[in-house]
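One-letter residues, chain by chain:
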Amino acid sequence: MGDVAMTVPVIRAFVEQNKSVKITIVSRPFFKPFFDGIDNVNFFAVDVKERHKGFVGLLKLYSDLKQLNIDAIADLHNVLRSKVIRALFALSGKKVAFTDKGRKEKKQLTRSENKIFKPLKSMFERHVDTFSKLGFSIDLSSTNFPKKAILSNEIVTISGEKQNSNWIGIAPFAQYESKVYPKDLMQQVIDELALNNNNKIFLFGGGNKEIEILNQFASNKNNVIVVAGKLNLQQELQLISNLDVMLSMDSGNAHIAAMLGIKVITLWGATHPYAGFSPFNQPLENCLVSDRNQFPLLPTSVYGNKKVVGYEDVMRSISVEKVVFSIQSQLRD
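So, a few notes on the structure that sits alongside this text. All of these numbers come straight from a predicted model, not from anything done at the bench.

## Notes on helix 7 (residues 123-133)
- Residues Met123, Phe124, Arg126, His127, Val128, Thr130 and Phe131 constitute the buried set of helix 7.
- Each element contacted by the buried residues of helix 7 is listed here: helix 2 (8-17), strand 3 (72-75), strand 4 (95-98), helix 6 (103-110) and helix 12 (252-259).
- Gly135 sits one or two residues past helix 7 and shows a positive phi near 95 degrees.

## Describing helix 9 (residues 183-194)
- In a regular helix each residue adds 1.5 Å, so twelve residues correspond to 16 Å; helix 9 covers 16 Å between its end C-alpha atoms and thus fits that length.
- All buried positions along helix 9 are accounted for by Leu185, Met186, Gln187, Val189, Ile190, Leu193 and Ala194.

## What to know about the environment of Asn286
- Summarising the element assignment, Asn286 is placed in the loop between strand 9 (263-268) and strand 10 (287-289).
- Residue Asn286 is classed as buried on the basis of its relative accessible area of 6%.
- Separated by 99 residues in sequence, Asn286 and Gln187 have C-alpha atoms that sit 20 Å apart.
- Excluding anything up to four places from it in sequence, Asn286 contacts Val264, Ile265, Thr266 and Gln330.
- Polar contacts involving the side chain of Asn286 include one to the main-chain carbonyl oxygen of Val264, which spans 3.4 Å.

Criteria and thresholds
Residues numbered from 1 in each chain as written. Predicted model: local features only at pLDDT ≥ 70, side-chain atom pairs only at ≥ 80, totals over all residues. Heavy atoms only, no water. Buried < 20%, exposed > 50% of the residue type's maximum accessible area, 1.4 Å probe, protein only. Helix = DSSP H or I, 4+ residues; strand = E, 2+ residues; numbered from the N terminus. Contact = heavy atoms within 4.5 Å. Expected span 1.5 Å × (residues − 1). Polar contact = N/O pair within 3.5 Å; in protein donor to acceptor, adjacent residues only side chain to side chain.

Any functional reading would require information that these geometric values do not contain.
Take a look at the structure:
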């Protein structure tokens, strides 16, 4: 989800600066709401479960896409499925380009010996390079963000009216445990923020297990609301667009909030923003990282999927006080 969300600011800047070009986003139907409202952007939903399943399905996908009279292919994902599609278009004489994910540099950043600890090119810059190969220039510094969504009655029933309160989103989960702030510390963060009655806190997640934990976080607090399981993706995007700040792990929710122009505070465990996955248009000081003096092998992986003995509790080096202060600094008094 985060990978797709990271393409949105680039696509938005592209169409604003290349108004004569029409873009077709090819992705799973779940992600269509990410691109709703962007001018000159159509969405082609890939049916990976039936029509476009397997290699034969890829041939059908290529055939379907050919009907759109596409002039060039920008492969922003660069995985096996997209490689096949772009190869077929290349064989037909179309221009193709793909995003170089910088795997060699990322390996140097995350290895335990002879680590090269320096900031790498962001994924947003890498996507810009991809379009540059096709002859298009993009200036990300002048990107506009969508207006805050008008909330439907269905959403307001859950969120209430905003009025003059601070709306804080918290997305406390990630795909891998090494990127998740410890539950007891997260509870302290929520408890501290909830003491201010001018704050309203929305908890995001998915699945029964996560909802159970979120309900524990929100227990006995009138200004803490569990959103998970109550809104669809489009409604969540609309709610997020009205937040004042989002607290997230290194996860998709950080990139979703950032693509909507919301201030984002991110917490980093086994991973690090130097790998190029810092949320779009967010200052580096909003990325709260685990202590490398105490844990010098950090970052130990790009995605958090590698376990290192003795590094299970790296996120405990990010203090509750620092997290709360970083959030409060983004808010009105």
